[in-house]
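Survey of secondary and tertiary structure
This is what each chain is made of:
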Amino acid sequence: MELIDTPANPCPPGACLVGARARDGVVLRAAYWRPERPARGTVVIAQGRSEFIEKYFEVIGELLARGYFVVAFDWRGQGLSPRLLRNSAKGHVRRSTDYRLDLEALIEQVLIPDAPKPWFALAHSMGAAVLLDFIAASETSAPFQRVVATAPMLALRGFAASDYARALAGLLIGCGLSRMFVPGGGRASHFDKPFANNILTTDRLRFERSSRLISAFPALRIGEPTVGWVHAAFRIMDRLARPGCAEHIKIPLLMVAAGDERLVSTPAAEAFARRLKNADCLVLPGARHEILMERPEIRAQFWAAFDAFVPGESLAPATEAANQV
């Protein structure tokens, strides 16, 4: 395991690289950073599909500057955590609930031993859906005090596309083809395409930074998902859509959605937020899917919302008092 540090994408100083072993034996790549001053709490970064720790170095630095202890990790099957198929370019997971094992391992082996409370989560796309699914399924209180979810994967953009993909994935799974690329998919990642054709961000600098990093270090590359991953993704989204699921999530939740979203459904995020008593959804005009990799003016709007929502140490006395009751 390693963290890839380059002049164009420097690793924030002080990184501690660790492995977190899930109950099924998968060892995840994880890392944490301590701020220079006493920590205001911990922020866990839960990436989206195909992402990796290095892509968030800029965000990690911004969180450290705000005084947070930061934890980042690679989900199974992506980044430099173990790939699950011989063809490492295939984005795959065996079961939708396997991602819960990743979060359990992170909490037990990284957060509990090392991370100061209160704990917060900053989750993107697939990571947001997995985290919400994990919290909703928890029989005890959620370990995080607050969650910020960017472009959460609650539904695909366009109901027709979603229904067709769900039906096709189910058919192919039934034929034993869970490990194949989705029809028409292959090894190329979003960042192998020209910036002008991308649907992720309007910021050329950040797009090309990720593109160059993947080109220089192909081990980070993930291509299109497998049929199995798509099937698992629909299982997660379907669970979150069930009556009572969202209502089971009691912690404060801020969703930040993209106004120019081209992958997931922004209306689904708004509707999900309305189902919760303690949630809100902010839509950023002009933003595409990767809000944290967007233009400076869009990112400034995000950070203003984050800073207003995540209060850091102000929650600590209330948390301690609650633990004593």
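Residues numbered from 1 in each chain as written. Predicted model: local features only at pLDDT ≥ 70, side-chain atom pairs only at ≥ 80, totals over all residues. Heavy atoms only, no water.

1. As for the sheet that holds strand β5 (residues 119-124)
Hydrogen bonds between backbone groups are what pair the strands of a sheet, and the pairing can be parallel or antiparallel. Just so we agree on the cut-off: Paired strands are those between which DSSP finds at least two bridges. Counting from the N terminus, the helices are DSSP H or I runs at least four residues long and the strands are E runs at least two residues long. Note on geometry: axes are C-alpha line fits, over the in-contact stretch for helices, and angles between N-to-C directions span 0 to 180 degrees. Between two residues, a contact is recorded if the distance between any of their heavy atoms is within 4.5 Å.
Taking strand neighbours across the sheet as the criterion, the eight strands line up as β1-β2-β4-β3-β5-β6-β7-β8 in an open arrangement whose pairing is mixed. The two strands at the open ends of the sheet, each matched to only one other strand, are β1 (16-21) and β8 (279-284). Each strand of the sheet is rotated relative to its neighbour by a mean of 20°, with strand direction disregarded. Where strand β6 (residues 146-150) lies against strand β7 (residues 253-258), four bridges are found, and the strand directions are parallel. Counted as the bridge partner of threonine 150 is valine 256 from β7. Running over the sheet, helix α7 (residues 266-275) touches β7 and β8 and is turned about 155° from β8.

2. Let's talk about the nonpolar core
Side chains of nonpolar character tend, in soluble globular proteins, to be buried together. Quick reminder of the rule: What we call a nonpolar core is a set of buried Ala, Val, Leu, Ile, Met, Phe, Trp, Tyr and Cys residues that are connected through their side-chain atoms within 4.5 Å. Classification of residues uses two cut-offs on accessible area relative to the type maximum, computed with a 1.4 Å probe and protein chains only: under 20% is buried, over 50% is exposed, and between them is partly exposed.
By size, the foremost hydrophobic cluster in this structure holds 65 residues, and its most contacted members are Met255 and Phe272. The residues contacting methionine 255, other than those within four sequence positions of it, are Leu132, Ala149, Pro152, Leu154, Ala269, Phe272, Asp280, Cys281 and Leu282. Within the second largest apolar cluster, 34 residues are counted, among which are Tyr56, Ala287, Ile291 and Leu292.

3. Some thoughts on the packing of helix α3 (residues 126-137) against helix α6 (residues 227-241)
Here is the rule: These descriptions rest on fixed angle ranges, namely under 35 degrees for roughly parallel, over 145 for roughly antiparallel, 65 to 115 for roughly perpendicular, and the rest for oblique. In this scheme, a crossing is called left-handed if the near helix is turned counterclockwise away from the far one by less than a right angle; it is called right-handed if the turn is clockwise. Charged means Asp, Glu, Lys or Arg here, nonpolar means Ala, Val, Leu, Ile, Met, Phe, Trp, Tyr, Cys or Pro, and polar covers whatever is left, Gly included.
Where α3 contacts α6, the two axes come as close as 10 Å, and the packing angle between them is 50°. Classified by the angle between their axes, α3 and α6 sit oblique to one another. Crossing hand, α3 versus α6: left-handed. In this structure, α3 uses Met126, Ala129, Val130, Leu132 and Asp133 to contact α6, whose residues at the interface are Trp229, Ile236, Arg239 and Leu240. Here the contact of α3 with α6 is built from residues that sort into seven nonpolar, no polar and two charged.

4. Quick word on the packing of aromatic side chains
Each aromatic ring pair is summarised here by two numbers: the centre-to-centre distance and the angle between the ring planes. Heads up, the rule is: To pair, rings of Phe, Tyr and Trp, with the six-membered ring standing in for Trp, must have centres within 6.5 Å; the planes then decide the type, stacked if under 30 degrees apart, edge-to-face if over 60, and tilted in the middle. For a lysine, the NZ atom is tested; for an arginine, the CZ atom; a charge sits over a ring if that atom is within 6 Å of the ring centre and within 35 degrees of the ring normal.
Within this structure, the stated rule accounts for eleven aromatic pairs. Look at tyrosine 68 and phenylalanine 306: their rings are 6.2 Å apart centre to centre, the planes differ by 85°, and that puts the pair in the edge-to-face class. In this pair, tyrosine 68 sits in the loop between α1 (57-65) and β4 (69-73) while phenylalanine 306 sits in helix α8 (residues 296-309), placing the two residues 238 residues apart along the sequence. Grouping residues by exposure puts tyrosine 68 and phenylalanine 306 together as buried. Ring geometry for phenylalanine 73 versus tryptophan 75: centroids 4.8 Å apart, planes at 70°, classification edge-to-face. Judged on exposure class, the residue phenylalanine 73 and its partner tryptophan 75 are both buried. Of the aromatic side chains, those joined through ring pairs into one cluster are Tyr68, Phe120, Phe302, Trp303 and Phe306. One residue, arginine 66, lies across the ring of tryptophan 303, its end atom 4.2 Å from the ring centre. Above the ring of phenylalanine 309, the side-chain terminus of arginine 146 is found at 5.1 Å from the ring centroid.

5. Description of the pattern of salt bridges
When the charged atoms of two side chains with opposite charge come close together, those side chains can pair. The line we're drawing: A pairing counts as a salt bridge when a side-chain nitrogen of Lys or Arg comes within 4 Å of a carboxyl oxygen of Asp or Glu.
Enumeration according to the criterion identifies 23 salt bridges in this entry. Note that glutamate 58 is salt-bridged to arginine 209, the shortest N-O span being 3.1 Å. Of the two residues, glutamate 58 sits in helix α1 while arginine 209 sits in helix α5 (residues 204-216), which places them 151 residues apart along the sequence. Taken together, the salt bridges that share partners define one network made up of Glu58, Glu62, Asp203, Arg206, Arg209 and Arg299.

6. What to know about the side chain of serine 189
Mapped onto the elements, serine 189 comes out in the loop between α4 (159-174) and α5. Serine 189 sits in the buried class, given a relative accessible area of 6%. Look past the residues within four positions of serine 189 in its chain and what remains in contact with it is Ile214, Arg221, Ile222 and Gly223.

7. Describing the layout of surface pockets
With a probe scaled to a water molecule rolled over the atoms, the places where space remains empty come into view. Short version of the rule: Here a cavity is any set of points on a 1 Å grid over the protein atoms alone where a 1.4 Å probe fits but cannot get out, and a pocket is any open set with protein on both sides within 12 Å along at least 5 of 7 lines; a residue lines the site when it has an atom within 4 Å of a point. Grid points are joined across faces, edges and corners, and a volume is the space filled by probe spheres set on the points.
Empty space within the largest pocket amounts to approximately 970 Å³. Along the walls of the largest pocket sit 46 residues, with Arg49, Leu156, Pro225, Trp229 and Leu263 positioned nearest its centre. Secondary structure elements with two or more residues in the lining of the largest pocket: α4 and α6. Each residue belonging to the lining of the largest pocket can be placed in one class, and the counts come to 28 nonpolar, ten polar and eight charged.

8. Considerations on α1
If you check which residues of α1 are buried, you get Phe57, Val59, Ile60, Glu62, Leu63 and Leu64. At the C-terminal side of α1, glycine 67 shows a positive phi close to 95°.

9. Concerning the side chain of glutamate 62
One can find glutamate 62 in helix α1. Leaving out residues up to four positions away in the same chain, glutamate 62 has contacts with Arg299 and Trp303.

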